[in-house]
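A structural walkthrough
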Amino acid sequence: MKIKNDIFLKACRREKTERTPVWIMRQAGRYLPEYRKIREKYDFLTMVKTPELAAEVTLQPVDIIGVDAAIIFSDILVIPEAMGLPYKMEEKIGPLFEKTISTREDIDALSAEGIAEKLSYVTSAVALAKKELAGRVPLIGFAGSPWTLLTYMVEGGGTKNFKKAKSFIFNAPEEAHLLLLKITEAVIQYLSAKIEAGIDAYQIFDSWGGVLSKRHYLEFSLPYIEKIIMTIKKQFDTPSIIFSKGANHSFKEMSETGASVIGVDWTTTLAEVRKITGGETAVQGNLDPITLFANDKVLEKEVEKTLADYGNGEGHIFNLGHGILPDVEPSKARLLVELVKEKSKKYHR
Ligand code: CP3
């Protein structure tokens, strides 16, 4: 089906658009009363595993906030689960894994086979969301980066200092590479299946790429992201977005992976990223998520500054520099989207 509003996909390819497209990381989530209403009846994993529910919350921000792309409601942790590590989502704590990875035997026991079949609930949700979107806006799919998934598999949940995950790469680098490669294989199968099911672009969430030294980032995170992108490229021309939060030291290297878009957090400037990547990739970002707690005047100024910072021309996708927080007022998110739509026109003449 032809997509009516395809400016997000055009911007991924640095093609001409009338204005800057906008979507919001974690837009399908708890800040929406419509999400919380469904969430009262079902736990998180039930929602993730029920295509009708996942498709419904995927569409909510398109209807309510007016974003230029939908992102499939799911979680990055479906991959560890499909590989053999089940988890629970604990209220106020976050994900918790029953088992964790620490030895070669643990890695050998993981399976990177039949991932598409095991995650057919996601591909069904994708197909259903595509159908319900009826071509209004594109649908984004996603996966965690191998390094970010490794942190959860080794730590068993969230962490402040990444002591176990980082010790693992210091003390057992060969095993770490073995595990990263296995996760990479699973992610490739998973994203390929989602592309076949209908996603129009995909983002790799490397939420914890920035906790590594540059040296370690270039050894343990980026090469596996690159392998995913290069392998998928052989079969599909689906645009790809790398979001390695905090890895501001490696924009050049990211742009050399073949990715279509580099996602940027709020701690740097879009002008700088544009300069470093030489306009070879599109750039996504990068409003500080806390700006949504500022007054409307300040929000307007910050949107204008972010647009001006990227400057004239194509290849900017407006987004926050990380996920929207659960206590944001939906009206603020709506205002943000309206402001971007209005204020960005002058950069595309
Ligand atoms: O962007 C979207 O709206 C699509 C849905 C989406 C979710 N998780 C739904 C979710 C996406 C893209 C993710 C990615 C994800 N999941 C990441 C990377 C993105 C980032 O923000 O850095 C990470 C690290 C996870 C793992 C995860 N999932 C954690 C640590 C938690 C608990 C903390 C939290 O944010 O609640 C989750 C739960 C989660 N994933 C929720 C949602 C809507 C909240 C669950 C609830 O309803 O209670």
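Note that the structure is a prediction, hence the values are computed from the model and not measured. Counting restarts for each chain: residues are numbered from 1 in the order of the written sequence. In keeping with the predicted nature of the model, local features appear solely for residues at pLDDT of at least 70, side-chain atom pairs appear and are counted solely at 80 or more, and the whole-chain, interface and lining totals rest on all residues. Values reported for side chains reflect all heavy atoms of the structure, with hydrogen atoms and water molecules removed beforehand.

1. What about the sheet that holds strand β6 (residues 240–244)?
The pairing criterion for strands is at least two bridges between them, as found by DSSP. Per the convention used, a helix needs a DSSP run of H or I reaching at least four residues, while a strand needs a run of E reaching at least two, with both numbered from the N terminus. Taking strand neighbours across the sheet as the criterion, the seven strands line up as β1-β4-β5-β6-β7-β8-β9 in an open arrangement whose pairing is parallel. Of all strands in the sheet, those bounded by a partner on one side alone are β1 (70–71) and β9 (316–320). Sheet topology places β1 next to strand β4 (residues 139–144); two bridges connect them, and they run parallel. Looking at the pairing, I71 lines up with I140 of β4. We call two residues in contact when some of their heavy atoms are within 4.5 Å. Note on definitions: angles span 0 to 180 degrees between N-to-C directions of axes, and those axes are lines fitted to C-alpha atoms, for helices only across the stretch in contact. Sheet strands in contact with helix α11 (residues 173–197) are β4 and β5 (201–206), and its direction is about 170° off that of β4.

2. Observations concerning the pairing of β9
Side chains on a regular strand alternate between the two faces of the sheet. Relative accessibility thresholds used throughout: buried, under 20% of the residue-type maximum; exposed, over 50%; partly exposed, between the two (1.4 Å probe, protein chains only). Burial of β9 is extensive: five of the five residues sit out of reach of the surface. Across the two faces of β9 the burial is the same, with H316, F318 and L320 and I317 and N319 all buried. The pairing of strand β8 (residues 282–287) with β9 spans five bridges and is classified as parallel. Along β9, the bridge assignment pairs L287 with L320. The definition of a right-handed crossover adopted here requires that, viewed with the strands pointing away, the path from the first strand over the helix to the second runs clockwise. Handedness of the crossover joining β8 and β9 through helix α15 (residues 296–310): right-handed.

3. Observations concerning the site of the ligand
One heavy atom suffices: a residue is near a molecule or strand as soon as one of its heavy atoms comes within 4 Å of it. Lining the immediate surroundings of the ligand are 22 residues, of which R30, Y35, D75, S207 and H322 lie closest. A distance of 2.8 Å separates an oxygen atom of the ligand from a polar atom in the side chain of R26. Throughout this description, a polar contact denotes any pair of N or O atoms lying within 3.5 Å of each other; where both atoms belong to protein, one of them has to be capable of donating a hydrogen while the other can accept it, and for residues adjacent in sequence the pair is counted only when both atoms sit in side chains. A distance of 2.5 Å separates an oxygen atom of the ligand from a polar side-chain atom of Y35. Using the Shrake-Rupley algorithm and a 1.4 Å probe, accessible areas are obtained, with residue cover drawn only from the displayed protein chains. Protein burial of the ligand: of its 870 Å² of free accessible surface, 88% is covered by the chains. The set of elements that each furnish at least two residues to the shell around the ligand consists of α2 (33–41) and β3 (94–97). Think of it as three bins: nonpolar holds Ala, Val, Leu, Ile, Met, Phe, Trp, Tyr, Cys and Pro, charged holds Asp, Glu, Lys and Arg, and polar takes everything else, Gly as well. Here the residues of the shell around the ligand sort into 12 nonpolar, six polar and four charged.

4. Notes on the packing of helix α8 (residues 120–133) against α11
Two elements in contact, α8 and α11, have axes separated by 8 Å at closest approach and are oriented at 30°. With respect to their mutual orientation, α8 and α11 come out roughly parallel. Of the two possible hands of crossing, α8 and α11 adopt the one that is right-handed. The residues of α11 that touch α8, namely those facing V122, T123, V126, A127 and K130, are Y190, A193, K194 and A197. Among the residues forming the contact of α8 with α11, the class breakdown is six nonpolar, one polar and two charged. The cut-offs work like this: below 35 degrees is roughly parallel, past 145 is roughly antiparallel, 65 to 115 is roughly perpendicular, and the gaps in between are oblique. Each crossing is labelled by how the near helix is turned from the far one, with a counterclockwise turn of less than a right angle marking it left-handed and a clockwise turn marking it right-handed.

5. Regarding the side chain of E155
Structurally, the position occupied by E155 is in helix α9 (residues 146–155). Note that His is not counted, nor are the chain ends; the positive residues are Lys and Arg, and the negative ones are Asp and Glu. We define a salt bridge as a side-chain nitrogen of Lys or Arg found within 4 Å of a carboxyl oxygen belonging to Asp or Glu. There is no salt bridge for the buried E155, and the closest opposite charge comes from K164, which lies 5.1 Å off by N-O distance. Among the polar contacts listed, one links the side chain of E155 to the backbone nitrogen of A165, at a separation of 2.9 Å.

6. Regarding the packing of aromatic side chains
In this analysis, rings of Phe, Tyr and Trp, with Trp reduced to its six-membered ring, are considered paired at centre separations within 6.5 Å, and the interplanar angle assigns stacked below 30 degrees, edge-to-face beyond 60, and tilted for intermediate values. Counted by the stated rule, this structure contains five aromatic pairs. Centroid distance F44 to F73: 5.7 Å. Interplanar angle 80°. Geometry classified as edge-to-face. Within this pair, whereas F44 is found in helix α3 (residues 44–49), its partner F73 is found in the loop between β1 and α5 (78–83), the two being separated by 29 residues in sequence. When the ring of Y87 is compared with that of F97, the centres are 5.4 Å apart and the planes differ by 35°; the resulting orientation is tilted. Of this pair, Y87 sits in strand β2 (residues 87–90) while F97 sits in strand β3, placing them 10 residues apart in sequence.

All quantities given are derived from atomic positions and should not be read as evidence of function.
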